[in-house]
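# Reading the structure
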Amino acid sequence: MRSVMVQIPNTSPSAAPAPHSVPTSADVARLAGVSRATVSYVLNNTSAVRISEPTRRRVREAARELGYVPHAAARSLRAGHSRMVLMPAPTIPVGPLYSRFLSDLQSALGHLDYTVVQYGTVGLQGDEAARAWAELRPVAVLVPGAGLGPQGVAVLKRSGARAVVTLGPERVDGAHALLMDHEAVGHCAGMHLYARGRRRIGVIVPEEPGLESFSRPRLAGVHQALHGTGATVTALPLAYTEQAAAELAARWPELGLDAVFAYNDEYAMLLMRALQDQGVRIPEDIAVVGADDLMLGRLLRPRLSTVHIELPSGRELAELVDRALRDPGGEPEVRRVLGASLVQRASS
């Protein structure tokens, strides 16, 4: 039997390459020629201590050169709380309007030196989800939509959250609330269609799960606008697919409608294309109104009438969060924040 000898080189521990050391605030201080306290003040954006702009610039440049990043956990221990604001990822389809609002909010909180973390809790809802959020020990939680209850708010506060803010149609005990009045959206659309002489009005109600907290109030708003007028309101369930829209358009003649409020611009565009494929003329046969005032609606032919929705600025909400964190024992703020106005174009 043939054998082969292989020589393995003798490598002592000292010959092994040294592990890459993690830069510390002391390294930044040495390179910038300042104290470690100054490094901490500059990198944590502390405004209570006056530090000249040249010194701040020197510290930031040294940190950038060394690749130094402050340790969030250590900073939280020193401060007694984290700077993390948790935003549970929406479990419902959100359109461009809401996505822009969330992006604006994240940016505004970042400028106030908070770290915004979006967190998904697949399969968990309401108070169960609150327990999962609490495990991360955020200083504040911004909860979009409905589902969180008073017990969930209490769980979050016991875990150290100084502020819980809900964005939805109803307030929750113990939490700050930004109340979004979606009835006003439906009311605005219903009033416009009635003023245009339409009396048999359909309202698209999305079948996608999770949108009920938005669609139900919009439908109620149309009912409220037309109450006592003799006009009729017909709820039209619709999934957000081309096939579902085509099936609804195919039976349109039997519905006997002369107008439709299509929940939002995306559903309006979906339905308009299906109706036009069936030879239904817009607005001669059917007037169509959407909501959100998306740019795509202005590019359609005919151009889409819509309800313009005014959301609060991200800066306003970020300042509310900041105030709540500075005064965690204060009374929860409750604000109505959703404005609605009709933008009339060719589709109605």
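Structure: see above.
This section reports on the structure supplied with the text. (Residues numbered from 1 in each chain as written. Predicted model: local features only at pLDDT ≥ 70, side-chain atom pairs only at ≥ 80, totals over all residues. Heavy atoms only, no water.)

### Details of the nonpolar core
By size, the foremost hydrophobic cluster in this structure holds 45 residues, and its most contacted members are Leu109, Leu142, Leu167, Phe261, Leu317 and Val321. Among the elements that take part in this core, helix α5 (residues 96–111) stands out by supplying seven residues, more than any other. Other than its neighbours up to four places away in sequence, valine 321 contacts Leu109, Ala140, Leu142 and Val165. Listed in part, the 28 residues of the second largest apolar core include Leu238, Ala239, Ala245 and Leu248. (Core = buried A, V, L, I, M, F, W, Y, C linked by side-chain atoms within 4.5 Å. Buried < 20%, exposed > 50% of the residue type's maximum accessible area, 1.4 Å probe, protein only. Helix = DSSP H or I, 4+ residues; strand = E, 2+ residues; numbered from the N terminus. Contact = heavy atoms within 4.5 Å.)

### What about helix α12 (residues 265–277)?
For α12, which comprises 13 residues, the first-to-last C-alpha distance of 18 Å matches the rise-based estimate of 18 Å (1.5 Å per residue) to within 8%. Every buried residue of α12 is listed here: Asp265, Tyr267, Ala268, Met269, Leu270, Leu271, Met272, Ala274 and Leu275. The backbone nitrogen of glutamate 266 lies 3.1 Å from a side-chain oxygen of the residue at the head of α12, namely asparagine 264. (Expected span 1.5 Å × (residues − 1). Polar contact = N/O pair within 3.5 Å; in protein donor to acceptor, adjacent residues only side chain to side chain.)

### Examining unusual backbone geometry
Note the cis peptide between isoleucine 282 and proline 283, where omega equals 10°. With an omega of 0°, the peptide bond running from arginine 301 to proline 302 counts as cis. The topology assignment puts proline 302 in the loop between α13 (295–299) and β10 (305–310). The backbone phi angle of tyrosine 263 is positive, close to 70°, even though this residue is not glycine. Position of tyrosine 263 among the secondary structure elements: in the loop between β8 (259–261) and α12. For tyrosine 263, a relative accessible area of 6% gives the class buried. A positive phi angle, near 110°, is found at aspartate 292, a position not held by glycine. Judged by relative accessible area, which is 9%, aspartate 292 ranks as buried.

### Thoughts on the pairing of strand β9 (residues 287–291)
Most of β9 is tucked away: five of the five residues are buried. Direction of pairing for β8 relative to β9: parallel, over a ladder of three bridges. The residue of β9 that forms the bridge with alanine 259 is alanine 287. For the crossover that starts at β8, traverses α12 and ends in the parallel β9, the hand is right-handed. Summarising the sheet, β9 and β10 pair through three bridges and their orientation is parallel. Counterpart to alanine 291 in the pairing with β10 is valine 307. (Pairing = 2+ DSSP bridges. Right-handed = clockwise from strand over helix to strand, strands pointing away.)

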